[in-house]
Amino acid sequence: MTAPPSKSTIKLAPAQSHGEASSSQAQNQAPKSQKQMTKAERREQQERQRAAKAATKAAGPQPSGSNQNPVQAKKGAPPAASTSASVKKGGKGPDGKPTKETKETTSDDSARGLRIFSHFGLPKPPGPSKGDIHPAIIRLGLQFSEFKIAGANARCIATLTAFKTVIQDYITPPNNTLSRHLLTHLSPQITHLVSARPMSVTMGNAIRELKLEISGSDIDLPEQDAKNLLCQKIDDYISERIIIADQVIQETAGTKIKDGDVILTYARSSVVEQVLVGAWDDGKQFSVVVVDSRPMLEGKKLLSVLSAMGIPCTYLLLPSIGSVITEVSTVLVGAHSLHSNGAVFSRAGTALVAMMAKQHSVPVVVCCETYKFAETIQLDSFTKNELAPAGDIFSSFPLTRSKDTLTLNKQPNLEILNPLYDLTPPSSITAVVTEVGVIPPSSISSIPLALGRTTL
């Protein structure tokens, strides 16, 4: 026979059943809010949450949809959220060992390399078109990104010519006026061009002038007549501010070239090319030293034009300029933009040429149209710049491999940096030849007044 249970055992059983009943009642009750809880209850709830988190970490990552902890179930958060956060911030892995903090990596080239130069504008194919983009603008954007159209004058003329096509194909919607709605229609066109390549100073000045003409057009004029008038204004701008201005600069700068002079120029400027060709056509006998640099090697095109004219030419790369600068009479260079403090923003390497010329007392003459003037003050070429297209071919001698295999591309441990422009300080410039005359660098800020206006 079995012994009867002790009194202590009989008394303990009802206590356990009473505790279980009380806990089940507590579970069936609605959860209290934080205000209804006492301090002891809130402390107990926090302890339960900490224990649940510790159990989740000890169990390791769990498949989604199974065994959510009470905090996640109450808040409705996905179970993998805390795990992914712990991986990013660093914690314990599945094996219990501490894991190092991990960084998200992307396949984008901009995330790799020197971040200090990440703000430089990089030519890239335009993304998906936002808004009603004209086919002429899409084609022009591709030409800009591929550097098929390069140079401040060429880009400005191409932009204005494309805008003429956009204006002619534009139809004013009902209950709208051309002077107001056309400005809205041109905004996505401009944005598309800027997405392909950063806007130049010349394009900015020309677009600003075009917007003023559009906003000032007569609302009572028939639509086709208004569009024809705007296209005529664009043609006048190109003719007066670029073509005729280049002709005046050619005549003015040509008088500075004498027989027997040795003219040094860097890269290729369309204005400088016209000056040299015009002086040779006038019967002056001189020679030209063309200095060039990678990766653009624009001086080769200038060299082909001058040599075809019969002009004696010498071609060398930028590092060799020190060996010929003592034989040079005058340095003629172009400009991308001209700033009010007298600094010249031009192809990268122009500043080195100007400083070498100043060191050897050789005059440096900049040929620049006034529509390239910017009222801003620029002190360096780091705050704003572009990157030239990569993929340059570096030939190694003797040529043991084909040139196609010598293309230099980006690698995980290699960043190709080709700044497109640099800033020549006014102290290295002798004079600036414009269509309004020869101006010293200290008087560049007076260009708007010379044009009879306060702003460009």
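Computed from a prediction, not measured in an experiment: that's the story for all the values here. (Residues numbered from 1 in each chain as written. Predicted model: local features only at pLDDT ≥ 70, side-chain atom pairs only at ≥ 80, totals over all residues. Heavy atoms only, no water.)

Regarding helix 12 (residues 350-359)
Convention followed: The buried label applies to any residue whose accessible area, calculated with a 1.4 Å probe on protein chains only, is under 20% of its type's maximum; exposed applies above 50%, and partly exposed to all values in between. Only runs of H or I of at least four residues qualify as helices and only runs of E of at least two qualify as strands under DSSP, and these elements are numbered from the N terminus. In this description, the arc belongs to the directions extending from the helix axis to the C-beta atoms. Contacts are assigned to residue pairs that have any heavy atoms within 4.5 Å of one another.
For helix 12, the complete set of buried residues consists of T350, A351, V353, A354 and A357. End-on, the buried residues of helix 12 take up no more than an arc of 160 degrees, which puts them together on one face. Where helix 12 is buried, its residues contact strand 1 (262-266), strand 4 (330-333), strand 6 (344-347), strand 7 (364-367) and strand 9 (421-424). A positive phi of about 55 degrees marks S361, the residue just after helix 12.

Let's talk about the nonpolar core
Quick reminder of the rule: Among buried residues, those of type Ala, Val, Leu, Ile, Met, Phe, Trp, Tyr and Cys that are joined through side-chain atoms within 4.5 Å constitute a nonpolar core.
F163 and L182 are the most contacted members of the largest nonpolar core, which totals 31 residues. Going through the elements one at a time, helix 5 (135-145), helix 6 (152-168), helix 7 (178-196), helix 8 (201-215) and helix 9 (223-254) are the ones with two or more residues in this core. Look past the residues within four positions of F163 in its chain and what remains in contact with it is I137, L186, Q189, I190, L193, I207 and L210. Counting 30 residues, the second largest nonpolar core, distinct from the first, contains A267, A335, F373 and I444.

Notes on the sheet that holds strand 9
The test is simple: By the convention used here, strands pair only if DSSP detects at least 2 bridges between them. Here the axes come from fitting lines to C-alpha atoms, over the contacting stretch only for helices, and the angles between their N-to-C directions go from 0 to 180 degrees.
Ordered by their spatial adjacency, 4 strands build an open sheet running 8-5-6-9, and the pairing between neighbours is mixed. Either end of the sheet is taken by a strand with one partner, and the two such strands are strand 8 (373-374) and strand 9. The pairing of strand 5 (residues 337-339) with strand 8 spans 2 bridges and is classified as parallel. Paired with L338 across the bridge in strand 8 is F373. Lying on the sheet, helix 12 is in contact with strand 6 and strand 9; it crosses strand 9 at an angle near 30 degrees.

A short note on the confidence of the model for the chain
Keep this limit in mind: Here pLDDT means the predictor's own confidence in every residue, given as a number from 0 to 100.
Looking at the chain as a whole, its pLDDT mean stands at 80, while 72% of the residues score no less than 70. Counting interchain partners and residues more than four positions distant, the pLDDT-below-50 stretch residues 1-28 has 1 contact. Confidence drops under pLDDT 50 across residues 63-113; counting only partners more than four residues distant or on other chains, this segment forms 38 contacts.

Quick look at the sheet that holds strand 2 (residues 287-292)
Spatially, 7 strands are ordered 3-2-1-4-7-10-11 in an open sheet, and the strand pairing comes out mixed. Both edges of this open sheet fall to strand 3 (313-317) and strand 11 (437-439), since each of them pairs with a single strand only. Across the sheet, the mean angle from the axis of one strand to that of its neighbour is 25 degrees, orientation sign disregarded. Where strand 7 lies against strand 10 (residues 431-434), 3 bridges are found, and the strand directions are parallel. Paired with C367 across the strands is V433, a residue of strand 10. Set on the sheet, helix 9 makes contact with strand 7, strand 10 and strand 11; between it and strand 10 the angle comes to about 135 degrees. In the packing of helix 11 (residues 299-308) onto the sheet, the strands contacted are strand 1, strand 2 and strand 3, and the crossing angle to strand 2 comes to about 165 degrees.

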